[in-house]
Amino acid sequence: MSLIRTVGLTKRYGSVTALEGLTLDVQPGVTGLVGANGAGKSTLLKILLGLLPTTEGSASVLGLDVATDGPAVRERVGYMPEHDCLPPDVSATEFVVHMARMSGLPTTAARERAADTLRHVGLYEERYRPMGGYSTGMRQRVKLAQALVHDPALVLLDEPTNGLDPAGREDMLELIRRVGGEFGISVIVTSHLLGELERVCESIVVIDGGRLLRHSTTASATGATAVVTVEVNGDPGPLVRRLHTAGAGVRSAGNVLEIDVVDETVYDLVRDAVAELDLGLVRLERQRHRLTEMFTDGDRRSGGAHV
Amino acid sequence: MSAVEIDQVSRWFGNVVAVNDITMRLDAGVTGLLGPNGAGKSTLIHLMAGFLAPSAGTVTLDGEPVYRDPEIYRRVGLVPEREEMYDAVNGWSFVLANARLHKLRDPESAARRAIATVEMADSQHRDIRGYSKGMKQRIKMATAIVHDPAVLLLDEPFNGMDPRQRLHLMELLDRLGAEGRTIVFSSHILEEVEQIAGRIEVMVAGRHAASGDFREIRRLMTQRPHQYTIQSSDDRALASALIAQPSVSGVELTSGTDGSIVAVQATDFAAFVHALPRVAAREGIRLLEVRPADESLESVFAYLVAR
Amino acid sequence: MSEHAVPDRGAPARAGAIHDIGYRHYDGPRHGARYIQRSLFVETLRGTYGLGRSARSKVMPFLLLGLMVLPAVVMGIITSYVGLTAVPVRYTDYVMLVQLVVTIFVGSQSPAVMSRDLRFRVASLYFCRPLSRRQYVQAKLAGMTVALFILMGLPVTLLFCSALLAELPLDEQVPDYLRAMAGVAIHAVVLAAVGLLVAALTPRRGLGVAAVVAVLLVLSGMELTVRGLASAFGNDTFLGYTGLISPYTLVDGVVTGALGADSSGGQAPPGALGTVLFTLVTVVLLAACYSALVARYRKALG
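No experiment lies behind these values; they were computed from the predicted model shown. Numbering of residues begins from 1 in every chain and follows the order in which that chain's sequence is written. In the order they appear in the text, chains get letters beginning with A and ligands get numbers beginning with 1. In keeping with the model being predicted, local features are shown solely for residues with a pLDDT of at least 70 and side-chain atom pairs are shown and tallied solely at 80 or more, while totals for entire chains, interfaces and linings include all residues. Excluded from the side-chain calculations are hydrogens and water; all other atoms, namely the structure's heavy atoms, are used.

K.L.:
Honestly, the nonpolar core in this entry has me stumped. Any pointers?
P.N.:
In a soluble, globular protein the nonpolar side chains are often hidden away together inside. The biggest cluster of nonpolar side chains holds 172 residues, and the ones touching the most others in it are Met 141 of chain B together with Leu 148 of chain C. Per-element tally for this core: the top contributor is helix H7 (residues 170-201) of chain C, with 14 residues. Beyond its immediate stretch of four places on either side in the chain, Leu 148 of chain C contacts Val 102, Phe 105, Val 106, Gly 153, Ala 188, Leu 191 and Ala 192 of chain C. Each nonpolar core is a collection of buried residues, namely Ala, Val, Leu, Ile, Met, Phe, Trp, Tyr and Cys, held together in the definition by side-chain atoms within 4.5 Å. Only protein chains enter the area calculation, which uses a 1.4 Å probe; residues under 20% of their type maximum are buried, those over 50% are exposed, and those in between are partly exposed. Listed in part, the 39 residues of the second largest apolar core include Val 230 and Val 270 of chain A together with Ala 239 and Val 273 of chain B. Runs of H or I in DSSP of at least four residues are treated as helices and runs of E of at least two as strands, each being numbered from the N terminus. A contact between two residues is defined here by any heavy atoms of the two lying within 4.5 Å.

Structure (structure tokens):
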């Protein structure tokens, strides 16, 4: 069953078109959502939560029509907003228990699940202190906890790594992997950082100017190219000449060589050449496509339309 | 070409020492200022811009102290992190006002150029109130470059920008740096810093932890063995051959995202990279991938912060 | 003789175990919006008296409750002791008498009920759940209404009890008491609606309390002034309608006109037309406040 299905989804606010003819079929798993700022992304999230009517088209989440079954959708979906949303004078425990009850859980279950969920997101003694004193990392964890406490089938995470330093970002990405993998909950993550989406998501949806630009699996978008990067410790000059002579296509880019991979024998060629020339082999890596290519290519084609 | 010199600078706010005895020199090119949340990066940037006085030490631009010197403001542009702006004016007026405040000879064309550089020409006549986060960032950029400063200081400039805007900003900073300007920007997104910053300055809890090219910094961390991951045609044979090498302190047979790998810990980087292709050639093992696992800025940063 | 079992040396040692404390799915009951609304209502009600919140937040409401109750207790004692033939203050007059205390309560508690969710943007977390905006507003309104009902109803009831204890004639006391309680109910819902709306419109810290108190005081003050002027000019008809200005006198007008109490403010609403008008204005005011509150939360998500 599809996780999310939209057909010709369109939303206009007067003269501004936030979404145009969006047709998507998202499968369960961890999916990344990238797009132009502002209108498109938050509008889409609101529509999927059944909080905003569409101008045209339809959407269904977990098999439920968002137009008619909004409350049922919201029962089964968790949402982690991008903005700050935690009252400062309440502790994490109190807050998450309250939110669990606001999702319909009976009091005992709410308490138990709140305690468990806070442990899963990595909040220990801190959870009894008022949230006003929390760091950004802790706040993001509480926001995630309230989205998970009622055991949703799907969570929508809106820029979960916003404001986190590199260590915090790593932790959050790891948590997201666990949610999708170990916890078995489907995830939609929005982010501006293609690098992190590559690491965490199984598939990517790119929306640009309200329209679907691309929807593919991360694997297919980051497949290996036919070029291998080689970096050596020492002067690469002789190596370049040696490879040329052997008939391999080589380009040098500063310290780094790019070699065409016609078949796997080129690896042995490089290895032997490096060894014979008394160089050190620092790196031998097949280049992969990056998600950013979508934007640089698209840019050249469309002339770079911005919001 | 202008150089910002920070000489034994400290800045405290009551008992909180935000910047603790820092000495650094920033000149032409792009420098990334990194550190965990609360490390003092924003404070340092504001000290460099002349908006804060150092509690100890001196901050100079080409020899002259920067604090409250209006002449300095002509040569320095600052893009602060805070979002608050004058909502009720439009982008054009805002940039123009800044141009006038700088007493430029031709404020209109300077403003037009600045707005064109940040690609906000289409939205310049809309009120700032209606701008998305990324658009506000770009207008802030425009005001910071309208007077063509020699030094540009940016505090988390990529915040809120979508992938395309980020690419454009990176290209812009790269270009400005290549023109000989001194560009300093703080960011948590290490993969982007890696791409455009020639050097990095790392701050941890107000102290200056490291500076320079991050690869060089990694080589300086001699206590930490280098981590390598290798994919080959015969992992076990390679592992046993490598462990015989004096430069190798550990091997592990494990699996990565693409299959089985050999994870190597090398205490002597140069000796290891030299030995690897030789060992593989001698044993007849094909090397399919050789990758330094902890040479990325992410790893270097993690090590620096954990000290 | 020990009850402990002696371990059998020949048997294997008790096996160790590692329990799975990984993520558990939830298969238990999930109640619908009605339950959620009721939960929110109860929490709101408790919150107005500081229950379930910090110790400091209990001070003001209980102090005010005390101030509300104190005159009634005193009067009750006097009635019994001195042997009065009627309670010193009519039941229907009591609220008007202590309206300042009620105003302060509405002012201090409305922001706690309404503004915090807006100021800290918690509202979006409510609306991504099965609860709708309407149900949220209804629960909050109900909580505040019941809180005010208790605040105003308790002293009136105590007064009534003391009348019973003093063995004053029931057929005089009961109808008036019932009218007063109906009045308390209407006062409660009107003040809750006005107070919560003003609080929702002024989410900034500290502003809410001042705004609510100011609105209620200003309206009361205006009503007094206009009434004074109308009385000075000797316009009796107009005098009957001045009550429309302030919520307290508005509700008092409804109680007087519709339920046949004696007016607390001076003039009753003139005739049937007056009563209808007062009642209509009350209903419209409630509907307007409710709609405005629901509309206020429209932008809450994102």
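This is not the end of the story, as more comes after the structure.
K.L.:
When you look at the interface of chain C and chain A in this model, what are you seeing that I'm missing?
P.N.:
Contact with chain C, which involves 28 residues of that partner, is made by 42 residues of chain A. Buried area: the accessible surface (1.4 Å probe) lost by two parts on joining, summed over both. Taken as a group, Tyr 23, Arg 30 and Arg 129 of chain C account for 23% of the area that chain C buries against chain A, more than any other trio of residues on that side. Salt bridges are defined by distance alone: a side-chain nitrogen of Lys or Arg within 4 Å of a carboxyl oxygen of Asp or Glu. Our count for the contact surface shared by chain C and chain A stands at three salt bridges. Of the charged contacts in the structure, one is a salt bridge between Asp 89 of chain A and Arg 116 of chain C, with a shortest N-O distance of 2.5 Å. Counted as a polar contact is a pair of N or O atoms within 3.5 Å, where, for protein atoms, one must be capable of donating a hydrogen and the other of accepting one, and residues adjacent in sequence contribute only when both atoms are in side chains. The tally of links between chain C and chain A comes to 23 residue pairs in polar contact (both at pLDDT 80 or more). Listing elements by their share of the side of chain C that touches chain A, those giving two or more residues are helix H1 (33-48) and helix H5 (123-127) of chain C.

K.L.:
Would you mind showing me how to read the arrangement of the chains here?
P.N.:
Where two pairs of chains are in contact, the pair with the most contacts is made of chains A and B. Between chain B and chain C there is no contact, and the shortest C-alpha to C-alpha distance separating them is 13 Å.

K.L.:
Please clarify how the pairing of strand S12 (residues 248-256) of chain B should be interpreted in this entry.
P.N.:
All names here are of chain B. Of the pairings in the sheet, the one linking S12 to strand S13 (residues 259-266) comprises eight bridges and is antiparallel in character. Each residue of the ladder has a partner; that of Leu 253, found in S13, is Val 262. The turn joining S12 and S13, which pair antiparallel and follow one another in sequence, is formed by two residues. We call two strands paired when DSSP finds no fewer than two bridges between them.

K.L.:
Honestly, the sheet that holds strand S7 (residues 151-155) of chain B in this entry has me stumped. Any pointers?
P.N.:
Neighbouring strands of a sheet are bound in pairs by backbone hydrogen bonds; such pairs are parallel or else antiparallel. All names here are of chain B. The sheet built from six strands is open, its strands ordered S6-S7-S8-S3-S9-S10 with mixed pairing. The strands lining the two open edges of the sheet, one partner per strand, are strand S6 (76-79) and strand S10 (207-212). Across the sheet, the mean angle separating the axes of adjacent strands is 15° when strand polarity is ignored. Here five bridges tie strand S3 (residues 29-34) to strand S8 (residues 182-186), and the two strands are oriented parallel to one another. Bridge assignment links Val 30 to a residue of S8, and that residue is Ile 183. Across the sheet, helix H5 (residues 133-145) touches S6 and S7, and the angle it forms with S6 is around 170°. Every axis corresponds to a line fitted to the C-alpha atoms, with the helix fit spanning only the stretch in contact, and the corresponding angles, defined between N-to-C directions, vary from 0 to 180 degrees. Contacting S3, strand S9 (199-204) and S10, helix H11 (residues 297-306) runs over the sheet at an angle of about 30° to S9.

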